[in-house]
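# Geometric and topological summary
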2 protein chains.
Amino acid sequence: MEMDLNAQVKKACFLQRLKDFPSKLKDGVTKRIKHVQKFGKDDPRRIIHSIKVGLSLTLVSMLYYVRPLYNSFGVSGMWAILTVVVVSEFTVGGTLSKGLNRAFATLIAGALGVGAVHLARLCGHKGEPIVLGILVFSLGSAVTFSRFFPRIKQRYDYGALIFILTFSMVAVSGYRTDEILVIAYQRLSTILIGGTICILVSIFVFPVWAGEDLHKLVANNIIKLANSLEGFEGEYFPSSEKTSKETNSSVREYKSILTSESTEDTLTNLARWEPGHGRFRLRHPWTKYFKIAGLVRQCAIHFEVLNGCVLSDAKAPPDFISKIQEPCSIMSREAGEALKDIAKSIKTMSRYHVCVNTHIKNSKNAIENLRLALKLSFPETDKDLLEIIPGVTMASTLIYIVNYVEKISEAVEELSVLAHFKETLDPKLSPELGQHHLLHKGTVKPVLEGDNEEECNNSPHVVIANHNEQPPTVNENNVNLGAEKTTVVVV
Amino acid sequence: MEMDLNAQVKKACFLQRLKDFPSKLKDGVTKRIKHVQKFGKDDPRRIIHSIKVGLSLTLVSMLYYVRPLYNSFGVSGMWAILTVVVVSEFTVGGTLSKGLNRAFATLIAGALGVGAVHLARLCGHKGEPIVLGILVFSLGSAVTFSRFFPRIKQRYDYGALIFILTFSMVAVSGYRTDEILVIAYQRLSTILIGGTICILVSIFVFPVWAGEDLHKLVANNIIKLANSLEGFEGEYFPSSEKTSKETNSSVREYKSILTSESTEDTLTNLARWEPGHGRFRLRHPWTKYFKIAGLVRQCAIHFEVLNGCVLSDAKAPPDFISKIQEPCSIMSREAGEALKDIAKSIKTMSRYHVCVNTHIKNSKNAIENLRLALKLSFPETDKDLLEIIPGVTMASTLIYIVNYVEKISEAVEELSVLAHFKETLDPKLSPELGQHHLLHKGTVKPVLEGDNEEECNNSPHVVIANHNEQPPTVNENNVNLGAEKTTVVVV
C-alpha cells in the first residue's frame, strides 16, 4: 500500500515537472534572449558588424552562384570565401591591415614559390622534392623567427603568416602539377576579390574607425578621471553637498583605465592603417594619443592610492581633516574641471587651453593654500603625527594628481597643435586672464569674464550669481591665504 | 680648368664611395646579423620554435611528395599545410587550443554544411542558391556576433572563425559539386593530419608550456618586487652600504610588472588547455596564479609612488629621515626577504610559510617601531609639518607595500595548498616560532633557530654570528621600542 502511495507521489511529481518544463524552458530562453539583446544594445555596432560579415559572405558567394564567374574561377572561389571570413575585422584599420598584409604577402610569396619550383625542376625528378623540402623548411623557419621581432609582430605578423602559407602551398603543389602559374594566378585574384569586397564593405557600410575609437577612448578615460575626482570629494568629505551614495559608483570609474593599455596599443596600431576620415586627416598624430593615454594611466595609478585612502579605516582625526578640506576640495574640483575641459577639447577638437590653464592654476594655488593650512594647523593640533598620516598621504596624492593633470594638459596641447585643433577663444582675451588680481572674503571662486564664461562655466561651483547650490562658505582660517598667487577673476 | 678639377674631385669621391661600399655593406650586414643573433640568444626557444615549424611543414609536405598519400588525398593536402602554418603556436597550450578548436569547428560546421546543402536541394534548382544564401548569411552573422561575447572570445574565438569558414565553404561548394561528402571528408581528414602533426611536434620536440611560463613569470615578478625594494633602500638612504649606482637598475625593475597583465591573461587561458606536464598536474590551479599576479601588480602600483619619492627633489630634512631610516630599512628589507622566500616557494613548489611569516612579522614590528619613532621624533623636530610630508608619504607607502606582501603571501599559501606544494620545514618547529620573546639592546635582528637557519638566512642582515657586514647599530632612541610586539628569536 505504502509502495503504491510512493509510486503515486513519484508519478505526480514527474507529471508536475513535465507540466512545468515548457514554462521553465521558456523562462530560460527568454532570459538568454534578453541577455543577448542587452549585449547587442550596449554597442549596436556589434550587430551591424555581424550583418556586414554576412553581407560580405553573400556577395562573395556569387563567385559560385553566377555561372560566368564560376567558369572563370572554379573551385578557387573558396579562397575568396576564406579571405572574407579571415579579413573581416571590426574596425576599418583592422580590415585594411589584414587585407593589405594578405594581398602583398600572397603576391610576394606566390612569385617566390613559382621561382622555387622552377629552381627545383633544374635538379631532376629525384632532387626536386629534396630542394623543395629544404627551401620550404628554411624559408618557413626564417619567417617564423622574424615574427618574434616586435616591429614585425606589431604590423606585419599576419603578412608573415600568409607568406609562409602561400610559399609552402605553391612550392609543394608545384611538385604535382604543371599548372602552377594558373594556381598562383587564381589564388591571387580570388584573394584580391575577397579582400576588396571586405575592405569596401568595411569602409562604406557603417564604418567603425579604430582612430575614432581611440580618440573617444582617450577622451572618455580623461572624463573617468574627472568623475573619480568628483566622486572622491563626496566620499572622503561626507559633509560636502554630494552624499556618499550618489558618488559611490563614480569614484571607482578610473579602475578600467588601469587595464586599457592593450586596447589603446591595438587601436593606435590599427588607426595608422586607416585613410583620412571625418575630422581626421591621413597622417593624424595617433601615436600622440597613445602618449596621452599613458599619462592618464600614470595618473590613474595615483587614484588607486587615493582610493586606498577612501576605503581605509584609519582616517585622520576630523578636526585635522576639516582644516585641509577646503584646499583639498578646491584642488580636486579644479583638477576635475581641468580634466573635463581637456576631454572636451579632445572631443570637440577645439583648443580650450585658457580654461584648462585657469583651472590648473586654481588647483596649484590650492596646493599653496594647503601648504599654508598644514603650516597653520600644525601648532594647534595636539594630536600626534601618527594619526594625521592618512590625511597627509591623501593630500600629497592629490598634489601628485594635480601635477599629472598639468602633464596631461601639456600633452594634449601638443596634440592640439599637431592635429590643428581649432581655436575657440578670442586670442585678445587670453593675455588679460591671469593679470587681474582680486581678493574676495570667502572661498575664491574663479569665473571668467564675458565670452569666456560660456566656454568655461560648465561646473556649478564657478558660477556664483546664477546658481545657489554651493554658496561660498566663509572660512576664517583660510581667508586671504591664496592672496599672493590667486590669479583668477571674480565677478 | 676649374670645371675639369671639379669633375675630377667628383670622380674621386665616387670611386672612393664605390671602394667603401663593400666594407660598409659588410658592416651593416654584420650589425644586423649580430642583432638577430642576440635576439635569438635572449630566448633560444624562439629559434627552436622556428625550426619546429619548419619540421612540421616538411613532414606535412609528404602528403604531396609520397605517391600513395597523394593518391588518397590529392590537392586536399593543401588543407593540411594550411593547418600546420596556422595552428603552430609558440606554446603547447596555444597549439592545442587552436588545433582542437579547428578540428571540432570543422567537424560540426562540415556536418551542418552538408545538412544545409541537402535542405537547399529540396527547394529546386532556382530556390537552392536563395536558401543557401540565406543560411550562410544568417549563420555567418550569428556566429560573428557570438564572437563578441567575452566567454567565447577568450576560449573559442578561433573555433567560431573556422566554423563560419567551413560552413560557408561546404554550403557554397555544394551548389556546384555533387561530391560534397568527399570534399567534407577530405577537408576534415587533412585538417586532422595537419593538426595532429603540429600537436605532436609541439608536445614532444622541446615543448614550451604556457603553464610553466606563467609559473615562472609570477615568481620572477615577485623577485622583481623584492629587487626593487632592495634597490629602493640603497637609493633613498644613500648612507646605507649599497651605493646608489649599484642599485640604480634594480629599483626600476617593478616597471615591467605594470604592463604584464595581458601576457598573464593569455598564459592563464592557454595553460588551461595543457595536459599535465612535469611538476604540474592536469587540473593545476592556473587561475590562482592570475590572482597572485593581480596582487603583485597592485603592489607594483605602490612602487610607482615609492619611485616618485626617490626621484622627487623635495625630500624630507636629513635629521627626520635619519630618525625613520632604521624602521623603514627593516621594513623594506624584511618585506623584500619575505618576497624572495615567496618567490622561492613558488619556484621550488615547496612551502616556506614559516620563513615568510617570520619576515612579515619582522616587517610588521618595524611598522610599530616606525610609528613609535614618528611619535618620539615629533616634539624634537622644530621643522614644520610641510617639510616632512615627502618622508611621511614614503613611510606610509612602505606600510601599504608591507600589507600587500602579506596579501601576496596569503594568496601563495592558498595556491600551495591547492597545488600540493611539498613541506620543507619540520612541522614540530613551527609552533615554537612566534612564542619566544627576547629583548635585546639595539636593533632587533631576527634569526631562526637550528634547522630553520639554513632555510631562512639567505640575507646577510639576519645573521649576526657569521657575517660582519652589518654590525647591529645601537640607536639610543629606538631601544626597546618594539619590545611589546617583537616576537622573533635572537641567537
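Residues numbered from 1 in each chain as written. Chains lettered and ligands numbered in written order. Predicted model: local features only at pLDDT ≥ 70, side-chain atom pairs only at ≥ 80, totals over all residues. Heavy atoms only, no water.

## Quick look at the nonpolar core
Heads up, the condition is: Take the buried Ala, Val, Leu, Ile, Met, Phe, Trp, Tyr and Cys residues and link them wherever side-chain atoms come within 4.5 Å; each set so joined is a nonpolar core. Partly exposed residues are those whose accessible area sits between 20% and 50% of the maximum for their type, while under 20% is buried and over 50% is exposed, using a 1.4 Å probe and protein chains only.
Counting residues in hydrophobic clusters, the biggest one holds 142 residues, and the most contacted among them are Ile-408 of chain A together with Ile-408 of chain B. In terms of nonpolar packing, the next biggest core, distinct from the first, is built from 89 residues, Tyr-65, Met-169 and Cys-198 of chain A together with Leu-57 of chain B among them.

## Observations concerning the interface of chain A and chain B
Here is the rule we go by: Contacts are residue-level and defined by heavy atoms, with any inter-residue pair within 4.5 Å sufficient. By convention, the term buried area covers the 1.4 Å-probe accessible surface removed from two parts as they join, with the contributions of both added. The term salt bridge refers to a pairing of a side-chain nitrogen on Lys or Arg with a carboxyl oxygen on Asp or Glu at a separation within 4 Å. N or O atoms within 3.5 Å of each other form a polar contact, as long as, within protein, one can give a hydrogen and the other can take it, and as long as residues adjacent in sequence are counted only when both atoms are side-chain atoms. A run of H or I in DSSP counts as a helix once it spans at least four residues, and a run of E counts as a strand once it spans at least two, with each numbered from the N terminus. Basically, the charged four are Asp, Glu, Lys and Arg, the nonpolar ten are Ala, Val, Leu, Ile, Met, Phe, Trp, Tyr, Cys and Pro, and anything else, Gly included, counts as polar.
At the junction of the two partners, chain A supplies 73 residues and chain B supplies 73 residues. Across the interface of chain A and chain B, roughly 6,900 Å² is buried in total on both sides, 78% from carbon and sulfur atoms. Linking chain A with chain B are zero salt bridges. Viewed at the interface, chain B and chain A are joined by ten residue pairs in polar contact (both at pLDDT 80 or more). Counting residues per element, the side of chain A that touches chain B draws most heavily on helix H2 (residues 45-65) of chain A, which supplies 13 residues. In terms of residue class, the side of chain A that touches chain B is built from 44 nonpolar, 20 polar and nine charged.

## Brief notes about helix H4 (residues 77-87) of chain B
Think of an α-helix as 3.6 residues a turn; residues three or four steps apart then line up on the same face. Of all eleven residues that make up H4 of chain B, eleven are buried, and the element is covered over most of its length. Every buried residue of H4 of chain B is listed here: Gly-77, Met-78, Trp-79, Ala-80, Ile-81, Leu-82, Thr-83, Val-84, Val-85, Val-86 and Val-87 of chain B.

## Points about the packing of aromatic side chains
Inclusion rule: Pairing of aromatic rings covers Phe, Tyr and the six-membered ring of Trp, with a centre-to-centre limit of 6.5 Å; geometry is then stacked below 30 degrees between planes, edge-to-face above 60, and tilted otherwise. Charge-over-ring placement is defined geometrically: NZ (Lys) or CZ (Arg) within 6 Å of the ring centre, and within 35 degrees of the ring normal.
Scanning all chains against the criterion turns up 31 aromatic pairs over all chains. Ring geometry for Phe-145 of chain A and Phe-149 of chain A: centres 5.7 Å apart, planes at 90 degrees, overall edge-to-face. In this structure Phe-145 of chain A comes out as buried when scored by relative accessible area, which is 12%. Put simply, the rings of Phe-39 and Phe-90 of chain A together with Phe-145, Phe-148 and Phe-149 of chain B pair up and form one aromatic cluster. Sitting over the ring of Tyr-158 of chain B, Lys-98 of chain B keeps its end group 4.9 Å from the ring centre. Note that Arg-187 of chain B overlies the ring of Trp-79 of chain B, its terminal NZ or CZ placed 4.5 Å from the centroid.

## Focus: a nonpolar patch on the surface
Convention followed: A patch consists of residues exposed above 30% relative accessible area that lack any salt bridge, with like charges linked at up to 9 Å and nonpolar side chains (Val, Leu, Ile, Met, Phe, Trp, Tyr) linked at up to 5 Å. For every accessible area listed, the method is Shrake-Rupley and the probe measures 1.4 Å; residues are considered covered only by the protein chains on display.
The grouping of Ile-47, Ile-51, Leu-55 and Leu-59 of chain A together with Phe-137 of chain B at the surface amounts to a nonpolar patch, some 380 Å² of accessible area in total. Sorting elements by how many residues they give to the nonpolar patch places H2 of chain A first, with four residues. Of note, Leu-59 of chain A is situated in helix H2.

## Structural notes on the pattern of salt bridges
Per the counting criterion, the structure on display carries 38 salt bridges over all chains. As a salt-bridge pair, Lys-216 of chain B and Glu-212 of chain B come within 3.7 Å of each other at their nearest N and O atoms. Of this pair, Lys-216 of chain B and Glu-212 of chain B both sit in helix H9 (residues 210-236), four residues apart, which is roughly one turn of that helix. Among the residues examined, Lys-216 of chain B registers a relative accessible area of 41% and is labelled partly exposed. The closest approach of N and O atoms between Arg-297 of chain B and Glu-261 of chain B, which form a salt bridge, is 3.9 Å. Pair noted here: Arg-297 of chain B is in helix H13 (residues 286-311) and Glu-261 of chain B is in helix H12 (residues 261-271), with a separation of 36 residues, a long-range link. Taking relative accessible area as the criterion, Arg-297 of chain B reaches 11% and is therefore assigned buried. Exposure remark for Glu-261 of chain B: the relative accessible area of 25% places this residue in the partly exposed category. What you see here is one network of salt bridges that share partners, running through Asp-43, Arg-45 and Asp-213 of chain A.

## Things to note about the relation of the copies chain A and chain B
The operation relating the two chain copies consists of a rotation about an axis and a shift along that axis. The line we're drawing: In superposing the copies, a least-squares fit is computed on C-alpha atoms, taking residues whose pLDDT is at least 70 in both.
Laying chain A over chain B is done by rotating through 180 degrees and shifting 0.0 Å along the axis; what remains is an RMSD of 0.1 Å. As the rotation angle and translation indicate, the two copies are arranged about a two-fold axis. Judged by C-alpha distance, Thr-393 of chain A is the residue of chain A that lies nearest the rotation axis, at 2.8 Å. A share of 100% of the interface residues of chain A reappears at the interface of chain B, consistent with the copies meeting face to face through the same patch.

## Let's talk about unusual backbone geometry
All names here are of chain B. Backbone geometry at Phe-206 places phi at a positive 40 degrees, although glycine is not the residue there. Phi angles above zero are rare outside glycine, and His-420 is one such case at about 55 degrees. With respect to the helices and strands, His-420 occurs in the loop between helix H16 (385-418) and strand S2 (422-423). Residue His-420 is classed as exposed on the basis of its relative accessible area of 58%.

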